[in-house]
Amino acid sequence: MWELVNGKLIQKTDETRKKFRTNISKTILDQLENLAAEYDTHVNYLLENGLQAVLEQGVITYDKKTRPKDRVQYKTTYDKELLEKVKDFAKVHQLFINDVIEYSVNFIDLKNIKNSSYKNRVE
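These notes cover the structure that comes with them. (Residues numbered from 1 in each chain as written. Predicted model: local features only at pLDDT ≥ 70, side-chain atom pairs only at ≥ 80, totals over all residues. Heavy atoms only, no water.)

Across the interface, helix H2 (residues 43-57) lies against helix H3 (residues 80-92) with an axial gap of 11 Å and an inter-helix angle of 50 degrees. Relative to H3, the element H2 is oriented oblique. Pair H2 / H3 crosses with left-handed handedness. Contact residues: H2 offers Glu48, Leu51, Gln52, Val54 and Leu55, while H3 offers Leu82, Lys85, Val86 and Phe89. Here the contact of H2 with H3 is built from residues that sort into six nonpolar, one polar and two charged. (Axes fitted to C-alpha atoms, helices over the stretch in contact; angles between N-to-C directions. Helix = DSSP H or I, 4+ residues; strand = E, 2+ residues; numbered from the N terminus. Parallel < 35°, antiparallel > 145°, perpendicular 65-115°, else oblique. Left-handed = near helix turned anticlockwise from the far one by under 90°. Contact = heavy atoms within 4.5 Å. Nonpolar A, V, L, I, M, F, W, Y, C, P; charged D, E, K, R; others polar.)

If you want it as structure tokens, here you go:
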């Protein structure tokens, strides 16, 4: 993100973001990368959108027996508050965070996602 100071743009680190590493299905990740390219966004923005929808619903129906076998390590940044809420949600529902992340993919609202230039916004 950028900040306008005395008429000059200065690049700033977005303090509302937090790095997070998890394992996610390679198949799902490939699908998200295709969606991100199609909708001019980033994979983590898609995931955040789906996670917010799941949190708003407050319920999750997840069968642990159907966990994907093709998980790969995935590192990105998430909104700090959202990530904390997801951690609490996963704990309450006795799931792993990556289970909640993979589940949330089904709830992405493609009409309300941040575009790829969001990270370059001026505040």
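This part is about the nonpolar core. Leu32, Leu47, Tyr78 and Val100 are the most contacted members of the largest nonpolar core, which has 26 residues in total. Where this core is concerned, the elements lending two or more residues are strand S3 (17-25), helix H1 (26-38), H2, strand S4 (71-79), H3 and helix H4 (97-104). Those residues in contact with Tyr78, other than ones at most four positions away along the chain, are Thr16, Arg17, Lys18, Phe20, Leu47, Glu48, Leu51, Leu83 and Ile101. (Core = buried A, V, L, I, M, F, W, Y, C linked by side-chain atoms within 4.5 Å. Buried < 20%, exposed > 50% of the residue type's maximum accessible area, 1.4 Å probe, protein only.)

Scope: geometric values only; no functional claims are made or implied.
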